[in-house]
Amino acid sequence: MSVRVRIAPSPTGLIHVGNVRSALFNWLFARHHKGTFIVRIDDTDVERSLREYEVDILEGFRWLGLDWDEGVEVGGPHGSYRQSDRFGRYRDAAHDLVDRGLAYYDDRTPEQLEELRTRAQAEKRHPNFYIRQPAEPVRAGAIRFSVPQDRPIEFEDVVRDAMRFEPETVDDFVILRSDGLPTYHLASTLDDVEYEISHVIRGEDLLPSTPKHILLSRALGGTPPVYAHLPLLFGPDGKKLSKRHGDTSLAAYRRGGYLPEAMLNFMSLLGWSLDSERTIFTRDEAIAAFDLDRVSKNPAIFDLEKLAWLNGEYIRALAPADFIERVMPQVEASLGRRLNDSERARFSTIAPLVQERTKLLIEAPGQVAWLFSEHFDIDPEAWTKVMVEGTADVLADAVDRLEKIDIWESESIEAALRSMLEDLAINARQGLQPLRVAVTGSSVSPPLFESLAVLGRQRTIDRLRAAIERLGAPGHPR
RNA sequence: GGCCCCGUCGUCCAGAGGCCCAGGACGCCGGCCUUUCAAGCCGGAAACGCCGGUUCGAAUCCGGUCGGGGCUGCCA
């Protein structure tokens, strides 16, 4: 049997990481088995579905490198891969089920249904006990699927093993709403049948709906696919990951300076592992190793700290030129202007040192703000900590020595400043930190000698003099 | 309430009766390196929810219990 899998997001919001993880597992599974990965848009909820969200979904998949073989935008043998284009098809299918006695119209109101559920509970029966076909048939309202009560629904879930649902626990669910639009159950199941989906790999939240889908598949003339229900992704509070956990949209991570390859690696670790030792691996290694039998049953908490660490690993592994290319837009965005050629050259020189210290691309601009602007902020805390008695003299001494250097480069700067340390009999912390703060405005920066080299002699000396002045100025004792 | 799922370090995963007084990773703690911060290196603390049972032997099998979660809509 050839593997045909799909991801079928609903464009009712920015795609969030839970769906992305499902997409990833489907994609890995398809690629591993040389199968077909399909992207379908389940936009049966016309009220909430928006085209901009569909764009966001597809952009997200492309960003991660999840390419699809059939589906929206790329097409395929099944016509439209957007359910809103197939409403007629679903309606026909629903009517056909009614004609065959497998479904029925129901014009009961929500209040009536609620009452039936309440009554069943009061009688200690299953809540859905009375949600069955009424004795008197009607020809209006929504269409419900009639769940056969003669035997349990059993199936083998690839990750959950043997599953069994008693028929009385499955309600006669609506397949066509009274406005003639299909529900998710009908549209999704019919599409899975008609598109010959072999495996349905999705979140565990749909496990309770699976008996409905199996029954529907058969009624529709298909063979139910193999099901694999993935463990849910939780927020730090142990609840299903949702908007209230903050940034759960993929877009937030894209903008937040995460590398797609790191994101991919990280998400593949949520409910799966390549082996017991390896945490970092390439997409091809994941494809080669991926299968559903290593998918875990337990929910996974989305651990931002581990993601950040992994991202840092990937950033450090980047070729320097690649890092520069990826980080330049972030720097320019934060500066609010394009860098000129000489600034670009300066940045490129120091970029490898920034690269080592960056976990998220968006951190980089802050590390080099001092390099491009004379209006960088001086951290007051860093200043008071480092500018102690006698510091002005040290800075003045440094200026003298730096002015005498023949060739302005990190080696000569280091030699000059080290001999100063020696002559003054002070340690690096006493002698160098004040320079760092004076020049970069912070006690945290890329390595000092390289930083001064890139900044240039004149700017360096100007900043040191400004610091000396500030130290001597009224209102700035010491 | 009903149906269903899950239960190994704080977190993610490994473990499919003896290889486990439980392994890897993040985080945490300590040390080394060091011009700051990172990175790197070395070391450390940290878990089989609980109770029974099966077995010569259980993290692994069974039962119960407790705990967490999902679903319960003419949303998906």
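See the structure above.
An account of the accompanying structure is given in this report. (Residues numbered from 1 in each chain as written. Chains lettered and ligands numbered in written order. Predicted model: local features only at pLDDT ≥ 70, side-chain atom pairs only at ≥ 80, totals over all residues. Heavy atoms only, no water.)

**Examining the overall build of chain A**
Here is the rule: Starting at the N terminus, helices and strands are each numbered in turn, a helix being any DSSP run of H or I of at least four residues and a strand any DSSP run of E of at least two. Here the globule rule reads 2.2 Å times residues to the power 0.38, and the radius of gyration is calculated from C-alpha atoms. Type-normalised accessible area, obtained with a 1.4 Å probe on protein chains alone, sets the label of each residue: buried when under 20%, exposed when over 50%, and partly exposed for intermediate values. We call two residues in contact whenever any of their non-hydrogen atoms come within 4.5 Å of each other. Computed with a 1.4 Å probe, the accessible areas rest on the Shrake-Rupley method; for each residue, only the protein chains presented here act as cover. Positive charge is attributed to Lys and Arg, negative charge to Asp and Glu, and no charge count is given to His or to the chain ends. Charge positions are represented by NZ for Lys, CZ for Arg, CG for Asp and CD for Glu.
Looking only at helices and strands, chain A has 19 helices and twelve strands in total. Scaling as 2.2 N^0.38, a compact globule of 478 residues should have a C-alpha radius of gyration of about 23 Å, whereas chain A reaches 32 Å, well beyond that. Projected onto its principal axes, the C-alpha coordinates of chain A cover approximately 100 × 45 × 40 Å. Scored against the burial criterion, the 478 residues of chain A give a buried share of 51%. Expressed as a percentage of contacts within chain A between residues at least 6 apart in sequence, the contacts between residues at least 24 apart total 73%. Counting only carbon and sulfur atoms, one obtains 50% of the accessible surface of chain A, whose full area is about 22600 Å². Each charge sign in chain A was given a centre, from 60 positive and 76 negative side chains, and these centres are 2 Å apart.

**Considering the pattern of salt bridges**
Test applied: Throughout this description, the term salt bridge denotes a Lys or Arg side-chain nitrogen within 4 Å of a carboxyl oxygen of Asp or Glu.
In the structure shown here, the tally under the stated rule is 40 salt bridges. Here Glu70 and Arg4 are joined by a salt bridge, their closest N and O atoms 2.9 Å apart. Of the two residues, Glu70 is situated in strand β3 (residues 70–71) and Arg4 in strand β1 (residues 4–7); the sequence distance between them amounts to 66 residues. Residues Glu70 and Arg4 agree in their burial class; the two are buried.

**Examining the nonpolar core**
Here is the rule: Residues enter a nonpolar core if they are buried and are Ala, Val, Leu, Ile, Met, Phe, Trp, Tyr or Cys, with the set joined through side-chain atoms within 4.5 Å.
Counting residues in hydrophobic clusters, the biggest one holds 138 residues, and the most contacted among them are Ile175, Met263 and Leu417. Here this core gets nine residues from one element, more than from any other, and that element is helix α1 (residues 17–32). With near-sequence residues (within four places) excluded, Ile175 lies in contact with Ala94, Leu97, Ala103, Ile143, Arg144, Phe145, Leu181, Pro182, Thr183, Leu186 and Leu216.

On their own, these measurements won't tell you what the molecule is for.
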